[in-house]
Amino acid sequence: MGRAVKAGTPARNESALSGTARVTNISGVDIKACYGPGDVAHLDYETDLGGPGAYPYTRGVHETMYRGRAWTIRQLGSLGSPNEANKRIRQLIEMGATGISICFDMPTIMGRDSDDPLCEGEVGSCGGVAIDSIEDMRDVLAGIPLERISVNFVSNSQSPVILAMFCAVAEEWGVPLAALAGTMQNDVLKEYQAQKSYYFPPGPSMRLTMDTIGFCTEKLPRFNPISISGYHLASAGATPVQELAFTLANAFTYVEEGIKAGMPVDTFAPRLSYFFKAHNDLFETVAKPWPRFWPGPSRSTPTHLTRRSRFPRPDPRSSRCEPSRSSRLKAARRALPIPSAARTTSRASPTRWKRNVTGISRRSRSWGVSLQLWKPVFSSARSLDRPSVTSKPSRTRSASS
């Protein structure tokens, strides 16, 4: 699936119709009309493909893949106020979700309370929940079996505070930190490159990120402390090739900073996770070569671009790339939820193929996001279904609740 280069003259239009026009993928790589054995003659089975669960993990990071365990079913559950988000999350779990994804509204992302005058019109909007205090975290997670459901927090600059609240609530409810599973996005480098929601200069921000990774490595063995994200880079205009290149560079930087902080690479590298975008080009999405770039060099992978060549003698788990993928948020349309679901299905298909090779979860944004993401925003915290931040009554929660 490629695209013909835009025609500028009638003659070129005729060329496109005849099948002789130049066709490229999203990254601008030429697509031949026909491929044969000669196009893969340079590949070696053992070093470029390998078996399932074996280096270089082209055919999957686990030997049995989804015959042994299905991928995580994770939907966006953070819509509106903490109580609204909790109702949505519990509904998703009742419908079979094995994981939940919690995004935050812009005031929370930027570290401001909901009743801040600068937050007027932004509270609980655009698919994000308002979290001002640990009380809000309790409300969002009320009734959720944290020892059984994995929780994905789409947080970056605010990650240390969100993680602290999460851990505190779990301890209040008697759930050991070692039992918590999930992911913290916590990828501050891509904030400077694409999303722009950062608080501090890169140096202090990186220190907070690495402190979070260090804490999770020691206390939360089942929790991924970072999700190194190519998705946002792609949303900011990167081609699939550029998405992989920047994500790889960021991943190397985090590993290098972890080593500088005194953490042996094999203590934290196995819990590094990744987040990529499902593009419109089916075959290019399937063919994204991240699993082969990350583990180590092969005959078709430049040595200087691999983790093994830069950080030698790894635990085999450090060489696994277990990404999540998400369909394009722009595909969601409130007025057309059924076509939105169809578009998401189309984008999910190649990632399902790819998932049979590499992935562990995906987020499909379609019906629910179409209907709820673009709803009218709250004018302020006072219009939420809870008191304002400055007048919240104190509440206690029993261990059984």
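Let us look at the packing of aromatic side chains. Evaluated as defined, the whole model comprises 6 aromatic pairs. On the basis of an interplanar angle of 70° and a centroid distance of 4.9 Å, the ring pair of Phe153 and Phe166 is categorised as edge-to-face. One end of the pair, Phe153, is in strand E5 (residues 150–154); the other, Phe166, is in helix H6 (residues 159–172), with 13 residues separating them in the sequence. Their ring planes at 90° and their centres at 5.8 Å tell us that Tyr199 and Phe200 sit as a pair that is edge-to-face. Classification of Tyr199 by relative accessible area gives partly exposed; the value is 29%. The class of Phe200 is partly exposed, set by a relative accessible area of 39%.

Ranked by internal contacts, the top residues of the largest apolar core, which has 33 residues, are Ile102, Leu141, Leu146, Phe153 and Phe166. Taken together, the elements giving at least two residues each to this core come down to helix H3 (82–94), strand E4 (99–103), helix H5 (134–141), E5 and H6. Among the elements that take part in this core, H6 stands out by supplying 7 residues, more than any other. Leave out the neighbours within four places in its chain, and Ile102 touches Ser78, Ile89, Val129, Val140, Leu141, Val151, Asn152, Phe153 and Val154.

Here we come to the pairing of E4. Most of E4 sits inside the fold, with 5 of its 5 residues counted as buried. Neither face of E4 is left uncovered, since the one carrying Gly99, Ser101 and Cys103 and the one carrying Ile100 and Ile102 both have all their residues buried. Bridge count between E4 and E5: 5 bridges; the pairing is parallel. Residue pairing in the sheet places Cys103 in a bridge with Val154 of E5.

Further remarks concern empty space enclosed by the protein. Evaluated as defined, the whole model comprises 1 cavity of 30 Å³ or more. In this model, the largest cavity occupies a volume close to 40 Å³. Considering the residues around the largest cavity, the lining is formed by Asn156, Ser157, Val188, Tyr199, Phe200, Ser205, Leu208 and Thr209. Here the lining of the largest cavity is built from residues that sort into 4 nonpolar, 4 polar and no charged.

With that settled, consider the pattern of salt bridges. Counted under the stated rule, the structure contains 8 salt bridges. For the salt bridge of Lys219 with Glu218, the shortest nitrogen-to-oxygen distance reads 3.9 Å. We classify Glu218 as exposed; its relative accessible area is 61%. Lys260 is paired through a salt bridge with Glu257; the nearest N and O atoms lie 3.4 Å apart. Of this pair, Lys260 and Glu257 both sit in helix H10 (residues 240–260), 3 residues apart, roughly one helical turn.

All right, on to the side chain of Asn25 then. Within the secondary structure, Asn25 is located in the loop between strand E2 (23–24) and helix H2 (45–49). Of the polar contacts made by the side chain of Asn25, one reaches the backbone nitrogen of Val29; its length is 2.9 Å.

Detail in the predicted coordinates should be disregarded across regions flagged by low pLDDT. With 66% of its residues at a pLDDT of 70 or more, the chain shows a mean pLDDT of 76. Across residues 3–14, where pLDDT falls below 50, the model places 11 contacts with residues more than four positions away in sequence or in other chains. Segment residues 297–305 is flagged for pLDDT under 50; beyond a separation of four residues in sequence, or across chains, it makes 25 contacts in the model.

All right, on to the state of the cysteines then. Counted according to the given criterion, the structure contains 0 disulfides. Of all cysteine sulfurs, the one in Cys167 lies closest to Cys216, which takes part in no disulfide; the gap is 6.7 Å. The exposure class of Cys216 is buried, given its relative accessible area of 1%.

Between its first and last C-alpha, H10 extends 30 Å over 21 residues, near the 30 Å set by a 1.5 Å rise per residue. Every buried residue belonging to H10 is among Pro240, Glu243, Leu244, Thr247, Leu248, Asn250, Ala251, Phe252, Tyr254, Val255 and Gly258, and all of these are buried. One or two residues past the end of H10 sits Gly262, with phi positive at roughly 90°.

Residue placement: Leu244 occurs in helix H10. What makes Leu244 buried here is its relative accessible area of 9%. Between the alpha carbons of Leu244 and Ser229 there is a distance of 9.4 Å; along the sequence they are 15 residues apart.

Turning next to unusual backbone geometry. With phi around 55°, Asn186 is a residue other than glycine that occupies positive phi space. On the basis of relative accessibility, which here comes to 1%, the residue Asn186 falls in the buried class. Of note, Lys196 is a non-glycine position whose phi angle comes to about 75°, a positive value. Position of Lys196 relative to the elements: it lies in the loop between helix H7 (189–195) and helix H8 (202–219). A relative accessible area of 46% means that Lys196 is categorised as partly exposed.

Rules behind the numbers
Residues numbered from 1 in each chain as written. Predicted model: local features only at pLDDT ≥ 70, side-chain atom pairs only at ≥ 80, totals over all residues. Heavy atoms only, no water. Phe/Tyr/Trp six-rings, centres within 6.5 Å; stacked < 30°, edge-to-face > 60°. Helix = DSSP H or I, 4+ residues; strand = E, 2+ residues; numbered from the N terminus. Buried < 20%, exposed > 50% of the residue type's maximum accessible area, 1.4 Å probe, protein only. Core = buried A, V, L, I, M, F, W, Y, C linked by side-chain atoms within 4.5 Å. Contact = heavy atoms within 4.5 Å. Pairing = 2+ DSSP bridges. 1 Å grid on protein atoms, 1.4 Å probe; cavity = no way out; pocket = protein on both sides within 12 Å on 5 of 7 lines; lining within 4 Å. Points joined across faces, edges and corners; volume = space filled by probe spheres on them. Nonpolar A, V, L, I, M, F, W, Y, C, P; charged D, E, K, R; others polar. Salt bridge = Lys/Arg side-chain N within 4 Å of Asp/Glu carboxyl O. Polar contact = N/O pair within 3.5 Å; in protein donor to acceptor, adjacent residues only side chain to side chain. pLDDT = per-residue confidence, 0-100. Disulfide = S-S within 2.5 Å. Expected span 1.5 Å × (residues − 1).

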